[in-house]
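Chain by chain, the residues:
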Amino acid sequence: MSLKVLQIVPGTSVDGPGLRTSVYLAGCSHACPGCHNPASWDFNGGEEMSPDQVAEIVISHGFNMTLTGGDPLLHSDLDAVERLICLVKARGKTVWLYTGFVYEQIINIPRLNRIIRHVDAIVDGPFIQSQLTRALPFRGSANQHILHSDGTPFDLDL
């Protein structure tokens, strides 16, 4: 069980509310035109790390966690992704997850649906360059939504 980790960024404020530790996982086949991180598309990129190693790093920084990439739901080891989420949640931290899938797709794929049940918020949908926005917090394009794992809108109340 291992994760392909491109980068772990502690103390960021762009991938969810408050300061968070963002974990960038390798691999994405959505290939959204205008993607801010096309280097993350390579499924063979990054450093192999165990979910336990990544969780300890996240916890050591003291911030909540955001999983991004790439697309965590396209990661080559979904068991490792799920374990990482559960380890971080067990330590009392919130977990946000960015994905190019839309919620309706996720809930119809049992394996992905099981993973998102553990997270606090999902930012769903592909980046669409023609819908680029700076007005909506924590999203790159207006088609993207921030949802609870049950699909209800997430109230940012910022």
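Up top is the structure.
Participant: So what exactly am I meant to see when it comes to the packing of aromatic side chains here?
Facilitator: Aromatic ring pairs are defined here through the distance separating the ring centres and the angle between the ring planes. Scanning the entire structure with this criterion turns up two aromatic pairs. Plain terms: the ring middles of Trp96 and Phe138 are 5.6 Å apart, the flat faces sit at 85° to each other, and that makes the pair edge-to-face. Taken as a pair, Trp96 in strand β5 (residues 95–98) and Phe138 in the loop between β6 (121–124) and β7 (145–147) lie far apart in primary sequence, 42 residues in all. In terms of burial, Trp96 and Phe138 fall into one category: buried. Look at Trp96 and Phe154: their rings are 5.3 Å apart centre to centre, the planes differ by 75°, and that puts the pair in the edge-to-face class. Remark: Phe154 occurs in the segment after β7 and Trp96 occurs in strand β5; sequence separation between them is 58 residues. A relative accessible area of 22% places Phe154 in the partly exposed class. Connected via pairs of aromatic rings, a cluster forms that spans Trp96, Phe138 and Phe154.

Participant: Hey, could you run me through the pattern of salt bridges in this one?
Facilitator: In total, this model carries six salt bridges according to the counting rule given. Among the ionic pairs, Arg83 bridges to Asp52, the shortest N-O distance being 2.8 Å. Residue Arg83 is located in helix α2 (residues 78–90), and its partner Asp52 is located in helix α1 (residues 51–61); the two are separated by 31 residues in the primary sequence. For Arg83, a relative accessible area of 36% corresponds to the partly exposed category. Overall, Asp52 belongs to the partly exposed group, its relative accessible area being 35%. Linking Glu82 and Arg111 is a salt bridge whose minimum nitrogen-to-oxygen distance equals 3.0 Å. Placement of Glu82 in helix α2 and of Arg111 in helix α4 (residues 110–116) is noted, with a sequence separation of 29 residues between them. Overlapping salt bridges, with partners in common, bring together Asp79, Glu82, Arg111 and Arg114 in one network.

Procedures and definitions
Residues numbered from 1 in each chain as written. Predicted model: local features only at pLDDT ≥ 70, side-chain atom pairs only at ≥ 80, totals over all residues. Heavy atoms only, no water. Phe/Tyr/Trp six-rings, centres within 6.5 Å; stacked < 30°, edge-to-face > 60°. Helix = DSSP H or I, 4+ residues; strand = E, 2+ residues; numbered from the N terminus. Buried < 20%, exposed > 50% of the residue type's maximum accessible area, 1.4 Å probe, protein only. Salt bridge = Lys/Arg side-chain N within 4 Å of Asp/Glu carboxyl O.

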